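Okay, here's what each chain looks like letter by letter:
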Amino acid sequence: MTLIAQPTASHFIDGAYVEDSAGAAFDVIFPGTGEVIARLHEATPAIIEAALASAARAQKEWAARKPVERARILHRAAALIRERNAELSALETLDTGKPIQETLVADASSGADALEYFAGLAPTVTGETMPLGRDFVYTVREPLGVCVGIGAWNYPTQIACWKSAPALAFGNAMLFKPSETTPLCTLKLAEIYIEAGLPAGLFNVVQGKGAVGASLVTDPRVAKVSLTGSVPTGRRVYAAAAEGIRHVTMELGGKSPLIVFDDADIEDAVGAAMLGNFYSSGQICSNGTRVFVQDGIKERFLDRLKARTESIILGDPREEATQMGPLVSAAQLEKVAAYVAAGQAEGARLVTGGARVLLNSGYYIQPTVFADVTDDMSIAREEIFGPVMAVLDFGSEEEVLARANATEFGLAAGVFTRDLARGHRMAAGLEAGTCWINAYNLTPVEAPFGGVKQSGVGRENSRAAIEHYTQVKSVYVGMGPVDAPY
Ligand code: NDP
């Protein structure tokens, strides 16, 4: 059997690929065909030790560099990512099963945006001076030290870049553990950083399941943990990090509302609802999976939604015409299919989709729309992480705001209306880290991204990330004699 995406070795530590075949072997599967494309080994304690030791050593020297020097290296890495976008996108498609049409524009390129943005920001980070008459205080923003990044499987390249770019720009090291389901892309990023001139040890990649991640989180050399994952994993990692009073960023799941008022542009609202449920086969944390549609336009909305959903080209993600690929794994397909069955059993109306698609032994399911969904149904309460849209009816603005907020999650929310005052009123009332008005799921690096309530703590991207990858030191300067009473 040829393993078409086999990397040089499983891990990347201190500037080079490293293998330790004593670690348990695991297969990497292309979700489009179910074919094994690589076989890797989980990190052993020796691998984890080498990764932590080299990161701790490299970070000290890196922190002492001028911010513009660090920035120059990140800019070079961003340029290499852009040059290799086609190759990186093809690998992302093999790793995740997302269509090449998407990966060419949404993954490596958004990672490069993050590197460019934080390269630009690094030299602007300054402290403050507090005059106190004779004495004064100045502050310095210092790096945290060794940061651990733990990624989910839906956006492996983007997640690694969103975490490593601010970490490195502000003088930290990053030790990254990708999801075991999608371990390949982050290794390519590690190669690129080295080629761009990043000193060895500053971006290490170790593979493994949750247990490997858990052992990183509790190591005394680790100052911060940034996780992208589900709420239950977030709870465990947050608690483990708290033992050592470590900094955390938690980017967790959601069940976000997308609210469409009678006066909305229907084609725009339908398009946004489809993007917010079917892009990446629905495997996006901020998806608007509870689509609330006001009574007056319900039937017109559903007609257009059904027609446009049925025209989606589902197929092999390597083909450029394909608009929707498989789910990431057989387990995810089972989970999503179980939710489709639950939706039907709980009395929701299946408007379109719902069936598995038999194609090349991959993990395909049709884009699915349920109407007449009520707030108590499991498909309206739980994160499905697949192409399953729940359409709910509503009458008034007050009613929909209360129902939209009646969830433990608070990652994102969207509203479609031509009434600008109402759009802003809704944004003010929605309990979410990101709100879109007449748009959905756009997450430019310039804007803070993260959740409220159970969807997480901390923010990625934007200037807000400075707070999460640096700490403030206050320096009090005494300018005169010490006034001691004894
Ligand atoms: P999981 O929460 O299962 O896993 C996330 C990562 O954490 C994986 O690398 C996993 O390893 C690792 N992990 C699991 N247990 C532990 C532990 N005890 N200590 C340390 N690390 C651990 O998420 P998925 O990978 O299944 O991704 C899907 C989820 O991610 C969805 O629920 C989605 O909502 C969320 N997500 C959130 C985003 C956001 O920005 N808010 C963005 C993308 C996804 P492994 O899986 O290899 O065992």
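Bear in mind the structure is a predicted one, so any value in this text is a computation, not a measurement.

Draft legend 1. Region of the structure containing the overall build of the protein. Looking only at helices and strands, the protein has 16 helices and 22 strands in total. In terms of overall dimensions, the protein is globule-like: its C-alpha atoms have a radius of gyration of 24 Å, near the 23 Å expected for 486 residues. Seen along its three principal axes, the alpha-carbon backbone of the protein occupies a region of about 80 × 65 × 40 Å. For the protein, the proportion of its 486 residues judged to be buried stands at 57%. A sequence separation of at least 24 residues applies to 74% of the contacts in the protein between residues at least 6 apart. By element, 56% of the accessible surface of the protein is carried by carbon and sulfur atoms, the whole surface being about 18700 Å².

Draft legend 2. Quick look at the site of the ligand. Near the ligand lie 29 residues; those nearest to it are Gly 151, Ser 230, Thr 233, Leu 252 and Glu 383. One of the side-chain nitrogen or oxygen atoms of Trp 153 is found 2.9 Å away from an oxygen atom of the ligand. Ala 214 is positioned such that a nitrogen or oxygen atom in its backbone is 3.4 Å from a nitrogen atom of the ligand. Here the ligand has 900 Å² of accessible area as a free molecule, and 86% of this is covered by the chains. According to the grid-proximity analysis, the pocket containing the ligand is the largest pocket. For the shell around the ligand, the class distribution of residues is 12 nonpolar, 11 polar and six charged. Split by domain, the shell around the ligand shows at least three residues from each of two domains, domain 1 (11–253 + 455–473) and domain 2 (257–437).

Draft legend 3. The arrangement of the pairing of strand β19 (residues 412–416) in detail. Where burial is concerned, most of β19 is hidden: five out of the five residues are buried. Of the two faces of β19, both are covered, the one formed by Ala 412, Gly 414 and Phe 416 as well as the one formed by Ala 413 and Val 415. Of the pairings in the sheet, the one linking strand β12 (residues 257–260) to β19 comprises three bridges and is parallel in character. The residue bridging Ile 259 from the neighbouring strand is Val 415, located in β19. Across four bridges, the pairing between β19 and strand β20 (residues 434–437) is parallel. From the neighbouring strand, Ala 413 faces β20, where its bridge partner is Cys 435. Taken together, β19, helix α15 (residues 420–429) and β20 constitute a β-α-β crossover, and its handedness is right-handed.

Draft legend 4. Here's a closer look at the nonpolar core. Counting residues in each nonpolar core, the largest one holds 59 residues, and the members touching the most others are Ile 81, Leu 115, Phe 118, Tyr 193, Leu 198 and Phe 203. Counting contributing residues per domain, this core is built from domain 1 (11–253 + 455–473) and domain 2 (257–437), each supplying no fewer than three. Among the nonpolar cores identified, the runner-up in size contains 29 residues, and Val 336, Ile 365, Ile 384 and Val 415 belong to it.

Draft legend 5. Here's a closer look at a nonpolar patch on the surface. Nonpolar side chains collect at one region of the surface, where Met 130, Leu 132 and Tyr 476 lie side by side and expose about 300 Å² of accessible area between them. Looking at the element boundaries, Leu 132 is found in strand β5 (residues 129–132). You can call Leu 132 partly exposed: its relative accessible area is 44%.

Draft legend 6. Structural view of the UniProt feature "active site" (unreviewed entry) in the protein. The feature "active site" (unreviewed entry), as annotated in UniProt, sits at Lys 163, Glu 251, Cys 285 and Glu 460 in this numbering. Lining the largest pocket, out of the annotated residues just given, are Glu 251 and Cys 285. For Glu 251, the position within the fold is in strand β11 (residues 247–251). What makes Glu 251 buried here is its relative accessible area of 4%. Apart from residues lying up to four places away in sequence, Glu 251 is in contact with Lys 163, Leu 227, Thr 228, Gly 229, Phe 449, Gly 450, Gly 451, Ser 455, Gly 458, Arg 459 and Glu 460. Take Cys 285: it is sitting in the loop between α10 (266–278) and β13 (290–294). Those residues within four positions of Cys 285 in sequence are excluded, and the remaining contacts are Asn 154, Leu 252, Gly 253, Gly 254, Glu 383, Phe 385, Leu 411 and Phe 449.

Draft legend 7. View of unusual backbone geometry. Phi at Asn 360 takes a positive value of approximately 50°, unusual for a residue other than glycine. Summarising the element assignment, Asn 360 is placed in the loop between β15 (356–357) and β16 (364–365). One non-glycine residue, Asp 372, lies in the positive phi region at around 55°. Of note, Asp 372 is situated in the loop between β17 (368–371) and α13 (378–381).

Draft legend 8. Region of the structure containing the packing of aromatic side chains. Evaluation of the coordinates by the stated rule reveals 10 aromatic pairs. Arranged with centres 5.3 Å apart and planes meeting at 90°, the rings of Phe 261 and Phe 394 form a pair that is edge-to-face. Within this pair, whereas Phe 261 is found in the loop between β12 and α10, its partner Phe 394 is found in strand β18 (residues 388–394), the two being separated by 133 residues in sequence. A single burial state applies to Phe 261 and to Phe 394, both of which are buried. Among the aromatic side chains, those forming a connected cluster through ring pairs are Tyr 117, Phe 118 and Phe 170.

Calculation criteria
- Residues numbered from 1 in each chain as written.
- Predicted model: local features only at pLDDT ≥ 70, side-chain atom pairs only at ≥ 80, totals over all residues.
- Heavy atoms only, no water.
- Helix = DSSP H or I, 4+ residues; strand = E, 2+ residues; numbered from the N terminus.
- Rg over C-alpha atoms; globule rule 2.2 N^0.38 Å.
- Buried < 20%, exposed > 50% of the residue type's maximum accessible area, 1.4 Å probe, protein only.
- Contact = heavy atoms within 4.5 Å.
- Areas by Shrake-Rupley, 256 points an atom, 1.4 Å probe, with all protein chains shown as cover.
- Near = heavy atom within 4 Å.
- Polar contact = N/O pair within 3.5 Å; in protein donor to acceptor, adjacent residues only side chain to side chain.
- 1 Å grid on protein atoms, 1.4 Å probe; cavity = no way out; pocket = protein on both sides within 12 Å on 5 of 7 lines; lining within 4 Å.
- Sits in = over half its atoms within 2 Å of the grid points.
- Nonpolar A, V, L, I, M, F, W, Y, C, P; charged D, E, K, R; others polar.
- Domains from an automatic or database assignment.
- Pairing = 2+ DSSP bridges.
- Right-handed = clockwise from strand over helix to strand, strands pointing away.
- Core = buried A, V, L, I, M, F, W, Y, C linked by side-chain atoms within 4.5 Å.
- Patch = residues over 30% accessible without salt bridge, like charges linked within 9 Å, V, L, I, M, F, W, Y side chains within 5 Å.
- Salt bridge = Lys/Arg side-chain N within 4 Å of Asp/Glu carboxyl O.
- UniProt positions renumbered as here; feature names shortened; annotations may be inferred.
- Phe/Tyr/Trp six-rings, centres within 6.5 Å; stacked < 30°, edge-to-face > 60°.

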